[in-house]
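# Coordinate inspection notes
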Amino acid sequence: MTAVDTDIERRWELIRSKGPYGLLAVGTLLSLATAELMPGKAERIAVAALVAAGFALQLWWGRASRTRPGPSTAGTVYYTLRWALGFVLTWLNPFFAFYAVTGYFDSDELIPGRRLRMLGPFACSIAVSGSQAGGLPFHQPVQWAVFAALLVVNNVILTVVGHLTSQQEERSRARAETIAELERTNTALHQALEENAALHAQLLVQAREAGVADERRRLAAEIHDTIAQGLTGIIAQLQVVANAPDLPTARSHLDRAADLARHSLGEARRSVHNLAPVALENDGLPQALKGTVAEWSERTGVRADFTVTGTAEHLHDEISATLLRIAQEALSNAARHARATRVGVTLSFLGDEVILDIRDDGEGFDPLALPDRSSTGGFGLPGMRARAERMAGCLTVETEPGRGTALSARVPLVRHE
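Across its full length, the protein carries 11 helices and five strands. When the 417 residues of the protein are sorted by exposure, 34% land in the buried category. Here the analysis covers contacts within the protein between residues at least 6 apart in sequence; of these, 68% occur between residues at least 24 apart. Accessible area of the protein: about 24,800 Å², with a carbon and sulfur share of 61%.

Attention shifts here to helix α2 (residues 41-64). Over its 24 residues, α2 extends 34 Å from the first C-alpha to the last, a length consistent with the 34 Å expected when each residue adds 1.5 Å. Residues V47, L50, V51, G54, L57, Q58, W61 and A64 constitute the buried set of α2.

Another point: the packing of α2 against helix α3 (residues 73-92). Between α2 and α3, the least distance of the axes is 10 Å, while the angle of their chain directions is 160 degrees. The orientation of α2 with respect to α3, classified from their angle, is roughly antiparallel. The handedness of the crossing between α2 and α3 comes out as left-handed. Contact residues: α2 offers E43, A46, V47, L50, V51, A53, G54, L57, Q58, W60 and W61, while α3 offers A74, G75, Y78, L81, R82, L85, V88, L89 and L92. Each residue belonging to the contact of α2 with α3 can be placed in one class, and the counts come to 15 nonpolar, three polar and two charged.

Using the criterion set out here, one finds eight aromatic pairs in the structure. Between W61 and Y78, the ring centres sit 4.8 Å apart and the planes meet at 5 degrees, which makes this aromatic pair stacked. On the criterion of sequence distance, the pair formed by W61 in helix α2 and Y78 in helix α3 is long-range, its members being 17 residues apart. Under the relative-accessibility criterion, W61 is labelled buried at 9%.

So, on to the pairing of strand β4 (residues 394-399). As paired strands, β4 and strand β5 (residues 405-412) are joined by six bridges and run antiparallel to one another. Looking at β5, one finds that T396 is bridged to S408. The antiparallel hairpin formed by β4 and β5 contains five residues in its connecting segment, where G402 sits at a positive phi of about 80 degrees.

Attention now moves to the pattern of salt bridges. In a structure, side chains of opposite charge can pair up when their charged atoms sit close to one another. Inspection of the entire model under this criterion finds 11 salt bridges. Between E181 and R184 there is a salt bridge, with the nearest N and O atoms lying 2.5 Å from each other. Placement of both E181 and R184 in helix α7 (residues 141-242) is noted, with a separation of three residues, approximately one turn of the helix. Ionic pairing is found between D305 and R342, a salt bridge with its closest N-O pair at 3.5 Å. Separated by 37 residues along the polypeptide, D305 in strand β1 (residues 303-309) and R342 in strand β2 (residues 342-349) bring together distant segments of the chain. Ionic contacts of the salt-bridge type, sharing partners, join the residues R303, D305 and R342 into one network.

All right, on to the sheet that holds β2 then. Ordered in space as β1-β2-β3-β5-β4, the five strands form an open sheet in which the pairing is mixed. Each edge of the open sheet is held by one strand with a lone partner, namely β1 and β4. For this sheet, the mean inter-axis angle between neighbouring strands, taken without regard to orientation, is 10 degrees. In the packing of helix α9 (residues 285-300) onto the sheet, contacts are made with β1, β2 and β3 (353-360), and the angle to β1 comes to roughly 170 degrees. Strands in contact with helix α10 (residues 317-338) are β2, β3 and β5; relative to β3, the strand with the most contacts, it is inclined by about 10 degrees.

Once that is clear, we can look at the confidence of the model for the protein. Per-residue confidence for the protein averages 82 on the pLDDT scale, and 85% of its residues sit at or above 70. A low-confidence stretch, residues 373-378 stays under pLDDT 50, and its non-local contacts, those more than four residues away or across chains, total three contacts.

What follows deals with the side chain of S332. Positionally, S332 belongs in helix α10. Take S332: its relative accessible area is 14%, and that puts it in the buried class. Residues in contact with S332, not counting those within four places in the same chain, are Q229 and W296.

Where α9 meets α10, the axes come as close as 10 Å, and the angle between the chain directions of the two elements is 15 degrees. Between α9 and α10, the interaxial angle falls into the category roughly parallel. Pair α9 / α10 crosses with right-handed handedness. Contacts from L285, A288, L289, T292, V293, W296 and T300 in α9 reach S320, L323, L324, A327, Q328, L331, S332, A334 and A335 in α10. Broken down by class, the residue content of the contact of α9 with α10 amounts to 11 nonpolar, five polar and no charged.

A word on the nonpolar core. Core analysis: the largest hydrophobic core is formed by 36 residues, its most contacted members being L323, V343 and L356. When contributions to this core are tallied by element, the ones reaching two or more residues are α9, α10, β2, β3, α11 (380-390) and β5. The element best represented in this core is α10, accounting for 10 residues. Once residues lying within four places of it in the same chain are set aside, the contact partners of V343 are W296, V302, R303, A304, D305, L331, I358, R359 and D360.

Each value, and the rule that gives it
- Residues numbered from 1 in each chain as written.
- Predicted model: local features only at pLDDT ≥ 70, side-chain atom pairs only at ≥ 80, totals over all residues.
- Heavy atoms only, no water.
- Helix = DSSP H or I, 4+ residues; strand = E, 2+ residues; numbered from the N terminus.
- Buried < 20%, exposed > 50% of the residue type's maximum accessible area, 1.4 Å probe, protein only.
- Contact = heavy atoms within 4.5 Å.
- Areas by Shrake-Rupley, 256 points an atom, 1.4 Å probe, with all protein chains shown as cover.
- Expected span 1.5 Å × (residues − 1).
- Axes fitted to C-alpha atoms, helices over the stretch in contact; angles between N-to-C directions.
- Parallel < 35°, antiparallel > 145°, perpendicular 65-115°, else oblique.
- Left-handed = near helix turned anticlockwise from the far one by under 90°.
- Nonpolar A, V, L, I, M, F, W, Y, C, P; charged D, E, K, R; others polar.
- Phe/Tyr/Trp six-rings, centres within 6.5 Å; stacked < 30°, edge-to-face > 60°.
- Pairing = 2+ DSSP bridges.
- Salt bridge = Lys/Arg side-chain N within 4 Å of Asp/Glu carboxyl O.
- pLDDT = per-residue confidence, 0-100.
- Core = buried A, V, L, I, M, F, W, Y, C linked by side-chain atoms within 4.5 Å.

Okay, structure coming up:
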């Protein structure tokens, strides 16, 4: 209930409790002013006694109503006695119709039951209409006709006012229910906002943790693809030096080892700067792959061919770096495990995607029997697959023992911005 509704209810309560006193006092004062209209002393004594009874009845109900709030039998008795006093007083003096009017105000608060509640105001309208028709009892037939007309008019007015009042009360109840529902909705919304804020904070923490974990994996893969592969090549060259039959051969492999060391150092510095492959610093992906394949073929002594199909595009740096790293890892695996005599690398531009195919005629393997990555091993297929998936792509492998290996990485074609 709003503050306005509370204030209106308080005013109505004041009218119900104090109104009968005031209206009875008004009727008494007007009757005293017109005392000469009363035919005899007995009527005056009766009026005085009834007025005293009316005030006494109000005092009694003022105390009794505190323990009997709402419609009740006691309220019906009080209403009936008050109506009887008002009717008799109006019979003796028409000005007491002011007191009879009180029945219009509180029948809903005193009388239980819809039918009895409607009967109360109708009974009051009898006294009021009689007073308006010239006072009871009637001495001429025309007064009865006027009384009947006034009774109809008064009850029509009561019906209209009652209907309007009911509509207003219904609107007030609906408004109160709407306000209560809005308050509940606001409370629920506030709770939902608090829960959403807590969930948002939790998601931020999880996203931060996931980002840190992903960055660690990416850094590990970058280190593996740069420093680790370079050191592996250096070790291989130094092993050849250790078994070299003559000085020129040893010097050649030492020069290759030095070149690998310088290359790995450059990769390490570049990785620290922005983790992008050095080979892509000045060249696009086709040129970088061509150089990587040629360098790998020269270092391993295995024939390797590189082919580009479709119209070459200038790719986004992340796409280029991902495909180059996958090619480097695949070639490294081929050198260490495949024992291949020939390797083919193809880069295909197909409009909305880029495909990198790497094939060898080596020993192959059983994809379902791959060993777990050791502390000294490489990232292998899981690392290459993770790289492709980070770019919304995929990696497929076709191989079987003794039949070579075909690896295909497909990623979206995202052009350089």
